[in-house]
Amino acid sequence: MGGALFTLELIAECLRGPVLLPAGSGIDSSKLSSALPTLGLRLLDLPLELLEAPEGEAYNPVVSSCICFGGCGKALVFELPDQLLHEYESRGRPLPLWLL
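How each quantity is defined
Residues numbered from 1 in each chain as written. Predicted model: local features only at pLDDT ≥ 70, side-chain atom pairs only at ≥ 80, totals over all residues. Heavy atoms only, no water. Helix = DSSP H or I, 4+ residues; strand = E, 2+ residues; numbered from the N terminus. Buried < 20%, exposed > 50% of the residue type's maximum accessible area, 1.4 Å probe, protein only. Contact = heavy atoms within 4.5 Å. Areas by Shrake-Rupley, 256 points an atom, 1.4 Å probe, with all protein chains shown as cover. Salt bridge = Lys/Arg side-chain N within 4 Å of Asp/Glu carboxyl O. Core = buried A, V, L, I, M, F, W, Y, C linked by side-chain atoms within 4.5 Å.

> Looking at this model, I keep getting lost on the overall build of the protein chain. Mind explaining?
Regarding its fold elements, the protein chain presents one helix and four strands. Looking at the protein chain as a whole, 14% of its 100 residues are labelled buried. Excluding contacts between residues fewer than 6 apart, the proportion of contacts in the protein chain whose partners are at least 24 apart in sequence is 64%. Summed over all atoms, the accessible surface of the protein chain reaches about 7500 Å², with 56% contributed by carbon and sulfur.

Structural data, given as structure tokens:
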């Protein structure tokens, strides 16, 4: 089976903003400072990829947090089957790839 290979690199410098917990999540905000900050990336129907912050970074539940990832990242490689590529090509439509 052939296909087209695509690569995507995610590089994170920092994550800023307040820590918002969903109502009814059961998460104790006092324990956030011991939780390892992590970014999640999901592309198409591929498995979730996690990017953990360097050791020593922590959430601050009292004020807006700034988690420094220091340029850490992930490189993803995925393949789209020829059949899918030909289907879009025959319709004269571009292949929709979305990053949200």
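More follows now that the structure is in view.
> Please explain the pattern of salt bridges as it appears in this structure.
A pair can form between side chains of opposite charge whenever their charged atoms are brought close. Counting across every chain of the model gives two salt bridges. Here Arg91 and Glu87 are joined by a salt bridge, their closest N and O atoms 3.3 Å apart. Residue class for Arg91 comes out partly exposed when judged on its relative accessible area of 48%.

> What is the right way to look at the nonpolar core in this model?
Most often, soluble globular proteins keep nonpolar side chains buried together rather than apart. Counting five residues, the largest nonpolar core is built from Ala12, Leu51, Ala53, Ile67 and Phe69. If we ignore the near neighbours within four places in the chain, the residues touching Ile67 are Glu13, Cys14, Leu15, Pro37, Ala53, Glu57, Ala58 and Tyr59.

> Got a minute to help me understand the environment of Phe69 in this structure?
Inspection of the secondary structure puts Phe69 in strand E4 (residues 65-81). A relative accessible area of 1% means that Phe69 is categorised as buried. Put simply, Phe69 and Glu55 are 14 residues apart on the chain and 9.6 Å apart in space, counted from C-alpha to C-alpha. If we skip the residues at most four places from it in the chain, Phe69 touches Ala12, Glu13, Cys14, Leu15, Pro37, Leu39, Leu51, Glu52, Ala53 and Pro54.

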